[in-house]
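# Examining the three-dimensional arrangement
Each chain is listed here by its residues.
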Amino acid sequence: MELTTFWFILIGVLWTGYFVLEGFDFGVGLLLPVLGGRRLSRDAADAEKRRRVLLNTIGPVWDGNEVWVITAAGATFAAFPNWYATMFSGFYLPLLLVLVALIVRNLGFDYRHKRPEAQWKARWDLAIFWGSLVPAFVWGLLLTNIVRGVPIDADMEFTGDVLSLLDPTALLGGLAFTALFVTHGAIFLALKTDGPVRAQARTVAAVAGVAAAGLAVALLAVLGSAHGKPVTWVTSGAAALALVTALAANRVGREGRAFIGTAAAIGLTVATYFVMLFPDVMPSTSNPAWSLTTENAASTEYTLTVMTWVAVVFTPVVLLYQGWTYWVFRKRLTTRHIPDDVAPATPAGDATGVTGPVRT
């Protein structure tokens, strides 16, 4: 196997890992106002505990999951610099939007518990929701644009604009990936929680899963009719079967199998995208001869050889560390594990009766 092909596959694996792992992160963030809302809660205190349960399920892992996209971008820069340059200059504004959304979302995780006021927490909950929705949709939009092709000239420069990225097929890709992430996140919550949150997460997964299945099948059929190969019809069918199996397992309460099913559905969908692309990495709709390929976009043989040895040494270490993290935090959470808010003692000599800030 040529090194260019090896690195194209490895970048596909990195994007698959990112979508599978960060996908349930996004799903949990999107479900925060649903499963942590007042409608499903007994009162405001119960709603707050439910939201903290949801956030605690992804608290130990969300930042580690984001390492996958950083690694994918870095690998693209080093292995295929022309691909990186065309993609990041052409998709500059959407990628900036994703970056801002991820920063706002991460601030929400860090600052939500800093003050006790309900309004303060509600604002950061909103930041986490939008910080999950925007990247979930935009990643699906951009990845679909790469597969269907974008305007690129003979100098490998993107000649379109932001509006040219809002193609109906690309918008369908954004909706399909968002629905898949909501389903994936709901099943993850069913797997990681217990009690009412677990039961309601399974109900949400059943409803969202039907929408995700419809959108994903339509997306893969549209892309397959234009860019499909015999093997991509096989992987598309396998992705659909994995999602149906996940929904069936969720229906009978087998959350572990359901989670494997949604992870496989997302992974096979991303794999289908990369197989449709190969040997191109960024097809040109202006002229197929101007498409970026694994050959004309790649680094030198020496660079790829050095990168391969680095990947062989460090990739197993990263995978082992992340696997250990998930193993340590494998137990289920319920609202019983969430302590009540405790007000600090009033300082001695303070006769005003005004209490200080409450830590949550």
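Residues numbered from 1 in each chain as written. Predicted model: local features only at pLDDT ≥ 70, side-chain atom pairs only at ≥ 80, totals over all residues. Heavy atoms only, no water.

The name given to the protein chain in an unreviewed UniProt entry is Cytochrome d ubiquinol oxidase subunit II, and the organism recorded there is Terracoccus luteus. Taken from UniProt, the Sequence similarities (unreviewed entry) comment for the protein chain reads in full: "Belongs to the cytochrome ubiquinol oxidase subunit 2 family." Reading the Subcellular location (unreviewed entry) entry of the UniProt record for the protein chain gives the comment "Cell membrane". (UniProt positions renumbered as here; feature names shortened; annotations may be inferred.)

A few words on the overall build of the protein chain. Counting secondary structure elements, the protein chain contains 12 helices and two strands. Starting at the N terminus and walking to the C terminus, you meet the elements of the protein chain as α-α-α-α-α-α-α-α-α-α-α-β-β-α. Relative to the compact-globule value of 21 Å for 360 residues, the protein chain shows a C-alpha radius of gyration of 22 Å, a close match. The principal-axis extents of the C-alpha atoms in the protein chain amount to approximately 80 × 45 × 40 Å. Relative to its full complement of 360 residues, the protein chain shows a buried share of 48%. Partitioning the intrachain contacts of the protein chain with sequence separation of at least 6 by distance along the chain shows that 78% fall at a separation of at least 24. Surface accessibility of the protein chain: about 17200 Å² in total, with carbon and sulfur atoms responsible for 69%. For the protein chain, the centre of its 26 positive side-chain charges and the centre of its 24 negative side-chain charges are spaced 16 Å apart. (Helix = DSSP H or I, 4+ residues; strand = E, 2+ residues; numbered from the N terminus. Rg over C-alpha atoms; globule rule 2.2 N^0.38 Å. Buried < 20%, exposed > 50% of the residue type's maximum accessible area, 1.4 Å probe, protein only. Contact = heavy atoms within 4.5 Å. Areas by Shrake-Rupley, 256 points an atom, 1.4 Å probe, with all protein chains shown as cover. Lys, Arg positive; Asp, Glu negative; His and termini not counted. Charge placed at Lys NZ, Arg CZ, Asp CG, Glu CD.)

Moving on: the packing of helix 7 (residues 118–148) against helix 11 (residues 255–277). Two elements in contact, helix 7 and helix 11, have axes separated by 9 Å at closest approach and are oriented at 30°. Viewed along their axes, helix 7 and helix 11 adopt a mutual orientation that is roughly parallel. Handedness of the helix 7/helix 11 crossing: left-handed. Seen from helix 7, the contacting residues are L143, T144, I146 and V147; seen from helix 11, they are Y273, M276 and L277. By residue class, the composition of the contact of helix 7 with helix 11 is six nonpolar, one polar and no charged. (Axes fitted to C-alpha atoms, helices over the stretch in contact; angles between N-to-C directions. Parallel < 35°, antiparallel > 145°, perpendicular 65-115°, else oblique. Left-handed = near helix turned anticlockwise from the far one by under 90°. Nonpolar A, V, L, I, M, F, W, Y, C, P; charged D, E, K, R; others polar.)

To continue, consider the confidence of the model for the protein chain. Predicted confidence across the protein chain gives a mean pLDDT of 88, with 94% of residues reaching 70 or more. Ranking the helices and strands of the protein chain by mean pLDDT puts helix 8 (residues 168–192) first, with 94, and helix 12 (residues 301–328) last, with 86. (pLDDT = per-residue confidence, 0-100.)

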